[in-house]
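# Commentary on secondary and tertiary structure
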Amino acid sequence: MTNEAAVWQRLAALLPPDDAQAVVDCWDIGEQEGGLELLVSALLRHQVPIDETTRAEIAVVCEAWGMWPLPLAPRLSQCPGSGTASVLQLIENPVSAPLPASTVGLGDQLVLVPWIGCTACGRTLARVHVLEPWGMALNPEHYVIVDTGQGAAGRLFAQGDGWDALTALRTSCDKPERAQP
């Protein structure tokens, strides 16, 4: 289980002290949505470079508080990258069409939105949405790790289990370090 308060503190620490304190204060008083707005705005305003793993973690926090993909995905995508290698990569593209969930063995009324990829193993964490007659439901019903090499769905996670799904993606390809010759 992820300690979201600790993640919140770590993300706030990316900012200059005054902005960091404002983000932490939002957490402390239960104004997470406002704190996320402040976090992403300050990252942009100060042009703070973030790696792709941090970007993916921010996306998961935003999802948990109903701020993903709107209103924060477009702004988070404008934050400068750090240029360092990251195991995780935020891959959701708001203009791309969702994929039929039946391609990975899930129901016909569901669609997949690829969300976060693991650059080490190629697996993808996708958001699973209900396809309504008027379009895709805004909030995901599930999360699923998709093994792109096999075109099959792996473990399915319930709505609201974004952190558990991200943790599973991170650990799904962990291998012991090989001894160097």
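As the structure is a computational prediction, the values presented were derived from the model and not from experiment.

## Section: helix α1 (residues 4–12)
Among all positions in α1, only Glu4, Val7, Trp8, Leu11 and Ala12 are buried. Across the axial projection of α1, the buried residues extend over an arc of 135°, all falling on one side. Buried residues along α1 sit against α2 (17–28), α3 (32–45), α4 (52–64) and α6 (162–171). Sitting at the head of α1, asparagine 3 places a side-chain oxygen 3.2 Å from the backbone nitrogen of alanine 5.

## Overview of the pattern of salt bridges
This structure, assessed with the given rule, holds six salt bridges. In this structure, the salt-bridge partner of arginine 10 is glutamate 57, at a minimum N-O distance of 2.9 Å. In this pair, arginine 10 sits in helix α1 while glutamate 57 sits in helix α4, placing the two residues 47 residues apart along the sequence. On the basis of relative accessible area, arginine 10 is assigned to the partly exposed category, the value being 39%. Across the salt bridge formed by glutamate 57 and arginine 170, the nearest N and O atoms sit 2.4 Å from each other. Taken together, the residues glutamate 57 in helix α4 and arginine 170 in helix α6 connect sequence positions 113 residues apart.

## Overview of the packing of α2 against α3
Closest axis-to-axis distance for the α2/α3 pair is 7 Å, and the angle between their directions is 165°. By the angle between their axes, α2 is roughly antiparallel relative to α3. Here the hand of the crossing between α2 and α3 comes out left-handed. Along its contact with α2, which presents Asp19, Ala22, Val23, Cys26 and Trp27, the element α3 presents Gln32, Gly34, Gly35, Leu38, Leu39, Ala42 and Arg45. Residue composition of the contact of α2 with α3, by class: seven nonpolar, three polar and two charged.

## Examining the side chain of threonine 53
For threonine 53, the position within the fold is in helix α4. When its relative accessible area of 18% is taken as the criterion, threonine 53 is described as buried.

## Details of the side chain of arginine 127
The topology assignment puts arginine 127 in strand β4 (residues 124–132). In this structure arginine 127 comes out as buried when scored by relative accessible area, which is 2%.

## Things to note about the nonpolar core
Nonpolar side chains tend to gather and get buried jointly when the protein is soluble and globular. Ile58, Trp115, Ile116 and Leu125 are the most contacted members of the largest nonpolar core, which has 43 residues in total. The contacts of leucine 125, once residues within four sequence positions are left out, are Val113, Pro114, Trp115, Ile116, Tyr143, Val144, Ile145, Ala165, Leu166 and Leu169. Formed by eight residues, the second largest nonpolar core is a distinct cluster that contains Leu112, Ala126, Val128 and Val144.

## Digging into the environment of threonine 54
For threonine 54, the position within the fold is in helix α4. Every residue in contact with threonine 54, bar those within four places of it in the chain, is listed here: Leu11 and Leu14.

## Topic: the pairing of strand β6 (residues 142–147)
A large share of β6 lies buried, amounting to five of its six residues. Taken together, the five bridges between β4 and β6 define a ladder with antiparallel strand orientation. When the bridges of β6 are listed, valine 128 appears paired with histidine 142.

## A look at the pairing of strand β3 (residues 110–118)
Most of β3 sits inside the fold, with eight of its nine residues counted as buried. When strand β1 (residues 88–90) meets β3, the two strands line up antiparallel, connected through three bridges. By the bridge assignment, leucine 88 is partnered in β3 with cysteine 118. Of the strand pairs in this sheet, strand β2 (residues 99–100) and β3 are connected by two bridges, and their pairing is antiparallel. Opposite proline 100, over in β3, you have valine 111 as the bridge partner. As paired elements, β3 and β4 share seven bridges and run antiparallel to each other. Bridge pairing in β4 places proline 114 opposite alanine 126. Counting the residues between successive antiparallel strands, the hairpin from β3 to β4 contains five residues, one of them, glycine 122, with a positive phi of roughly 85°.

Reading the values: the criteria
- Residues numbered from 1 in each chain as written.
- Predicted model: local features only at pLDDT ≥ 70, side-chain atom pairs only at ≥ 80, totals over all residues.
- Heavy atoms only, no water.
- Buried < 20%, exposed > 50% of the residue type's maximum accessible area, 1.4 Å probe, protein only.
- Helix = DSSP H or I, 4+ residues; strand = E, 2+ residues; numbered from the N terminus.
- Arc of directions from axis to C-beta.
- Contact = heavy atoms within 4.5 Å.
- Polar contact = N/O pair within 3.5 Å; in protein donor to acceptor, adjacent residues only side chain to side chain.
- Salt bridge = Lys/Arg side-chain N within 4 Å of Asp/Glu carboxyl O.
- Axes fitted to C-alpha atoms, helices over the stretch in contact; angles between N-to-C directions.
- Parallel < 35°, antiparallel > 145°, perpendicular 65-115°, else oblique.
- Left-handed = near helix turned anticlockwise from the far one by under 90°.
- Nonpolar A, V, L, I, M, F, W, Y, C, P; charged D, E, K, R; others polar.
- Core = buried A, V, L, I, M, F, W, Y, C linked by side-chain atoms within 4.5 Å.
- Pairing = 2+ DSSP bridges.

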